[in-house]
Amino acid sequence: MSNTEPVISFDNTEFAFEYKTSKQLKKASFLFSLMGKPWLVKIGTRLTPWSIKAGLPVRRIIRNTIFQQFVGGETLAETSIVAKKLGGYNVKAILDYGVEGGDDGEHGFDHATEEFIRVIEYASTQPNIPFMSIKVTGFARFALLEKLDSMMHASEGTLMKRFLKSVDELTAEEKEEWHKVRHRMMRICETAAEKKIGVLVDAEETWIQDPVDALTILMMDTFNKNRCVVYNTIQHYRHDRLKFLKDSYAAAEERDFILGAKLVRGAYMEKERKRAEEKNYPSPIQPDKQSSDRDYNAGLEFCVDNLQRIGLIVASHNEYSNLYATELLLKKGLSLNHPHIHWSQLYGMSDNITFNLAHAGCSVSKYLPFGPIKDVIPYLMRRAQENTSVKGQTGRELGLIKKELQRRAG
Ligand SMILES: Cc1cc2nc3c(=O)[nH]c(=O)nc-3n(C[C@H](O)[C@H](O)[C@H](O)COP(=O)(O)OP(=O)(O)OC[C@H]3O[C@@H](n4cnc5c(N)ncnc54)[C@H](O)[C@@H]3O)c2cc1C
């Protein structure tokens, strides 16, 4: 690094928690220490979804604890207050309307689509909301995606060839249903292109991911000709994804569009391994954490090397990977606020990374989910599970919060 470049450190807890009062930090400390108890998280993640479905009066407890820590609010209006607050510290927001695998059929899917469009329209009126995220399962039936995925697996050729062939082989009724899914996605991307907001398409389970990838690439081919509007998510905990990233780039070169690539490690590891074992197929997940880390960092290298045609989003809480992305840029003589790179962490986690990157001049955001409590439960349960190991994320978060509380007291 040259002498003029800022030295980025993720140890500065004063910057990290500037936006939180000591009372809020104490509450977060209590919550993370509860999540540090695996037995409690195990019971909680089983009982909470059931309690909500059974109509038990648990909403207030959830709202005042885990919901407040990880979610912006139940409505867009509530969430906009949090987004504005982040803006005061040069931190942007990625709005994430937290509907997953909607169970209200076509009506629910149409409603979610309208909600996504409303979010884009709202984001376009705000100075610090450059992106919004969507889940295809928010507006497509899971079983339809699963069927398409398995048909794609059974055929040969490129992703797009397998996709088009499989759609063609659906029943007339399913074709009509798929047509609606595609139309919803088109409307979302069209509005985003018009309003100059980026759309990040989340990655989900491997057994529905192929049609999601194909649909997202089709959208990139349409909307990413001059600027990056649509981004696919690439999960490097899968052993085939570094190749997929490179293949996607080759498609972008061939079809002359900008590849939007949000790099993550992946959130469904246990579920993926369990299903592979139960159904007796080779696990799609890397053999160990080191391999996920190696591919993730190789993915960063590939994207920074090809930044002229890639819109990169570094979506991670891994300190090394976040710092490594800044080093790759500086090594190539590129600025930390290059328009083709953005960093993001989930709201409620790794504030030390987000706020210190913002201080260094990087374009960085918090992924800010919002929605009715019942709809964000799967998201909250994933956060609880991910934060349950004392050695891992929880230990890190707790340590940082305690350090800051001590600094303030001292
Ligand atoms: C802004 C943002 C958006 C996200 N969007 C998505 C999304 O769309 N889809 C999605 O799936 N996830 C998403 N995630 C979650 C992400 O995939 C990770 O689960 C989470 O961020 C933890 O990984 P990490 O890079 O932060 O780093 P670390 O904490 O260093 O890594 C933990 C991750 O490493 C991997 N890992 C751990 N142990 C092993 C092992 N034994 N073998 C192989 N791999 C292992 C797992 O993926 C685990 O989550 C998102 C995260 C962020 C910050």
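Residues numbered from 1 in each chain as written. Predicted model: local features only at pLDDT ≥ 70, side-chain atom pairs only at ≥ 80, totals over all residues. Heavy atoms only, no water.

### A few points about the packing of aromatic side chains
Using the criterion set out here, one finds eleven aromatic pairs in the structure. Pairing Tyr 19 with Phe 355 gives two aromatic rings, centres 4.7 Å apart and planes at 20 degrees, and the pair type is stacked. Residue Tyr 19 is located in the loop between helix H1 (13–16) and helix H2 (22–35), and its partner Phe 355 is located in helix H15 (residues 351–359); the two are separated by 336 residues in the primary sequence. A relative accessible area of 5% places Tyr 19 in the buried class. By relative accessible area, which is 1% here, Phe 355 ends up buried. Among the aromatic residues, ring-to-ring pairing joins Tyr 97, Phe 116, Phe 139 and Phe 370 into one connected group. Across from the ring centre of Tyr 296, 4.4 Å away, lies the NZ or CZ of Arg 265, which sits over that ring. Positioned above the aromatic ring of Tyr 379 is the side chain of Arg 383, whose terminal nitrogen or guanidinium carbon lies 4.5 Å from the ring centre. (Phe/Tyr/Trp six-rings, centres within 6.5 Å; stacked < 30°, edge-to-face > 60°. Helix = DSSP H or I, 4+ residues; strand = E, 2+ residues; numbered from the N terminus. Buried < 20%, exposed > 50% of the residue type's maximum accessible area, 1.4 Å probe, protein only. Lys NZ or Arg CZ within 6 Å of the ring centre and 35° of its normal.)

### Observations concerning the pattern of salt bridges
Applying the stated criterion across every chain yields a total of 33 salt bridges. For the salt bridge of Arg 275 with Glu 146, the shortest nitrogen-to-oxygen distance reads 3.3 Å. Taken together, the residues Arg 275 in helix H12 (residues 269–279) and Glu 146 in helix H7 (residues 142–154) connect sequence positions 129 residues apart. Here Arg 275 falls in the buried class, since its relative accessible area comes to 17%. Ionic pairing is found between Asp 221 and Arg 255, a salt bridge with its closest N-O pair at 2.7 Å. Linking Asp 221 in helix H10 (residues 206–223) with Arg 255 in helix H11 (residues 241–255), this pair joins segments that are 34 residues apart in sequence. Relative accessible area serves as the criterion here: at 15%, Asp 221 is assigned to the buried category. (Salt bridge = Lys/Arg side-chain N within 4 Å of Asp/Glu carboxyl O.)

### Remarks on the pairing of strand E6 (residues 310–315)
Look at any regular strand and the pattern is simple: side chains alternate between the two faces of the sheet. For E6, a buried count of six out of six residues is recorded, marking the element as mostly surrounded by other parts of the structure. Judged by which residues are buried, E6 turns out to be covered on both faces: Ile 310, Leu 312 and Val 314 on one side and Gly 311, Ile 313 and Ala 315 on the other are all buried. With four bridges joining them, E6 and strand E7 (residues 341–346) adopt parallel strand pairing. Looking at E7, one finds that Leu 312 is bridged to Ile 341. Regarding the hand of the β-α-β motif, the stretch spanning E6, helix H14 (residues 319–331) and E7 is right-handed. (Pairing = 2+ DSSP bridges. Right-handed = clockwise from strand over helix to strand, strands pointing away.)

### Regarding the sheet that holds strand E1 (residues 92–97)
Read once around its circumference, the closed barrel built from eight strands follows the order E1-E2-E3-E4-E5-E6-E7-E8, with strand pairing classed as parallel. This sheet shows a mean twist of 30 degrees between the axes of neighbouring strands, independent of strand direction. Strand direction decides the pairing type here: E1 and strand E8 (residues 364–370), joined by six bridges, are parallel. Within E8, the residue paired with Lys 92 across the bridge is Ser 365. Along the sheet, H14 contacts E6 and E7; its crossing angle with E7, the most-contacted strand, is approximately 170 degrees. Against the sheet, helix H16 (residues 373–386) engages E1, E7 and E8, with an angle of about 90 degrees to E7. (Axes fitted to C-alpha atoms, helices over the stretch in contact; angles between N-to-C directions. Contact = heavy atoms within 4.5 Å.)

### Topic: H14
The terminal C-alpha atoms of H14, which comprises 13 residues, lie 18 Å apart, in line with the 18 Å expected from a rise of 1.5 Å per residue. Of the residues making up H14, those classed as buried are Ser 321, Asn 322, Tyr 324, Ala 325, Thr 326, Leu 328, Leu 329 and Leu 330. If you follow the buried residues of H14, they end up packed against helix H13 (289–305), E6, E7 and H15. Where H14 starts, the residue carrying a side-chain oxygen 3.0 Å from the main-chain nitrogen of Tyr 320 turns out to be Asn 318. With its phi angle positive at about 75 degrees, Gly 333 sits one or two positions after the end of H14. (Expected span 1.5 Å × (residues − 1). Polar contact = N/O pair within 3.5 Å; in protein donor to acceptor, adjacent residues only side chain to side chain.)

### Quick word on H12
Taken together, the buried positions of H12 are Glu 272, Arg 275 and Ala 276. Looking straight down H12, one finds its buried side chains confined to an arc of 100 degrees; they lie on one side. In this structure, H12 carries Glu 270, Lys 274, Glu 277 and Glu 278 as exposed residues pointing more than 90 degrees from its buried face. Tucked into the core, H12 has its buried residues touching H7 and H10. (Arc of directions from axis to C-beta.)

### Some details on the layout of surface pockets
Reported here for the second largest pocket is a volume of approximately 840 Å³. Along its surface, the second largest pocket is lined by 32 residues, and Leu 159, Arg 162, Asp 210, Arg 241 and Phe 244 are the ones closest to its centre. Secondary-structure elements contributing two or more residues to the lining of the second largest pocket are H7, helix H8 (159–168), H10 and H11. No other element matches the nine residues that H11 contributes to the lining of the second largest pocket. (1 Å grid on protein atoms, 1.4 Å probe; cavity = no way out; pocket = protein on both sides within 12 Å on 5 of 7 lines; lining within 4 Å. Points joined across faces, edges and corners; volume = space filled by probe spheres on them.)

### A few points about empty space enclosed by the protein
Applying the stated rule across the entire model yields two cavities of 30 Å³ or more. Quantified by volume, the largest cavity comes out at close to 50 Å³. Taken together, Phe 17, Lys 20, Leu 25, Ala 28, Phe 32, Gln 69, Gly 348, Asp 351, Glu 397 and Ile 401 form the lining of the largest cavity. Contributions of two or more residues to the lining of the largest cavity are made by H2 and helix H17 (393–409). Sorting elements by how many residues they give to the lining of the largest cavity places H2 first, with three residues.

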